[in-house]
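The lines below spell out each chain.
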Amino acid sequence: MLSSLQECDTIRERLAGYALNSLVKEEAGAVTAHLATCSACHAEHECLAAVAPHLIPLREALADESQRRKHGRHRPERITSLTLSQWVNSKALVAAR
Ligand SMILES: [Zn+2]
């Protein structure tokens, strides 16, 4: 069994996808169950759920930008290799500052 800290880490990685309804059913169910028992993750979820509607257009805008930068410096295409929830988590952290 996972310690509660490990479980919170796992859940938080999925929270953004959960807020955007992009998780598979089993993952979403695990998140729902965890949120019912963990007030810290629940608070995090409330925060993400509030910003989620704004994130999709933002993500599309960012993807456009990375396309335009292609001819510039030689950069690994990090943005496209992120999962959606990793991307949203990174944006949510910035927004929370
Ligand atoms: Zn938790």
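Residues numbered from 1 in each chain as written. Predicted model: local features only at pLDDT ≥ 70, side-chain atom pairs only at ≥ 80, totals over all residues.

**Looking at the overall build of the protein chain**
Regarding its fold elements, the protein chain presents five helices and zero strands. The proportion of buried residues among the 97 residues of the protein chain is 22%. (Helix = DSSP H or I, 4+ residues; strand = E, 2+ residues; numbered from the N terminus. Buried ≥ 20, exposed ≤ 12 C-beta atoms within 10 Å, placed from the backbone.)

**Focus: unusual backbone geometry**
Positive phi outside glycine occurs at Asn21, with the angle close to 60°. Since 8 C-beta atoms lie within 10 Å of it, Asn21 is described here as exposed.

**Some words on the packing of helix α1 (residues 4-19) against helix α2 (residues 25-37)**
Contact geometry for α1 and α2: axes closest at 10 Å, N-to-C directions at 115°. Crossing hand, α1 versus α2: left-handed. Between α1 and α2, the contacting residues are Glu7, Ile11, Arg14, Leu15 and Tyr18 on the first element and Glu27, Ala28, Val31 and His34 on the second. Taken together, the residues of the contact of α1 with α2 sort by class into five nonpolar, one polar and three charged. (Axes fitted to C-alpha atoms, helices over the stretch in contact; angles between N-to-C directions. Left-handed = near helix turned anticlockwise from the far one by under 90°. Contact = placed C-beta atoms within 7 Å. Nonpolar A, V, L, I, M, F, W, Y, C, P; charged D, E, K, R; others polar.)

**Here we look at the UniProt feature "domain: Putative zinc-finger" (unreviewed entry) in the protein chain**
As recorded in UniProt, the feature "domain: Putative zinc-finger" (unreviewed entry) lies at residues 8-42. What you have in residues 8-42 is 83% helix and 0% strand, and the ends, taken at the C-alpha atoms, are 10 Å apart. (UniProt positions renumbered as here; feature names shortened; annotations may be inferred.)

**A short note on the nonpolar core**
One recurring pattern in soluble globular proteins is that nonpolar side chains are buried together. Within the largest apolar cluster, 13 residues are counted, with the highest numbers of intra-cluster contacts made by Leu15, Ala16, Tyr18, Ala19, Val31 and Leu48. If one sorts the elements of this core by residue count, α1 sits on top with five residues. The residues contacting Val31, other than those within four sequence positions of it, are Ile11, Arg14, Leu15, Tyr18 and Leu23. (Core = buried A, V, L, I, M, F, W, Y, C linked by C-beta atoms within 7 Å.)

**A short note on the packing of α1 against helix α3 (residues 39-68)**
Axis separation between α1 and α3 bottoms out at 9 Å; the angle between their running directions is 25°. Relative to α3, the element α1 lies roughly parallel. Crossing handedness for the pair α1 and α3: right-handed. Between α1 and α3, the contacting residues are Cys8, Ile11, Arg12, Leu15, Ala16, Tyr18 and Ala19 on the first element and Ala40, Cys41, Glu44, His45, Leu48, Ala49 and Ala52 on the second. (Parallel < 35°, antiparallel > 145°, perpendicular 65-115°, else oblique.)

**A closer look at α3**
Over its 30 residues, α3 extends 42 Å from the first C-alpha to the last, a length consistent with the 44 Å expected when each residue adds 1.5 Å. Along α3, the helix axis deviates most sharply at Ala52, where the bend reaches about 50°; the proline Pro53 sits within four residues downstream. Residues Cys41, Glu44, His45, Leu48, Ala52 and Leu55 constitute the buried set of α3. (Expected span 1.5 Å × (residues − 1). Bend = angle between axes of the 7 residues up to and from the residue.)

**A short note on the confidence of the model for the protein chain**
Confidence in the prediction for the protein chain averages 81 pLDDT; 80% of positions are at 70 or higher. For the protein chain, per-element mean pLDDT is lowest for helix α4 (residues 78-81), which scores 56, and highest for α2, which scores 96. (pLDDT = per-residue confidence, 0-100.)

**Quick notes on the environment of Thr10**
Among the structural elements, Thr10 can be located in helix α1. Residue Thr10 is classed as partly exposed on the basis of its 14 C-beta neighbours within 10 Å. As a C-alpha pair, Thr10 and Val31 span 21 residues in sequence and 9.1 Å in three-dimensional space.

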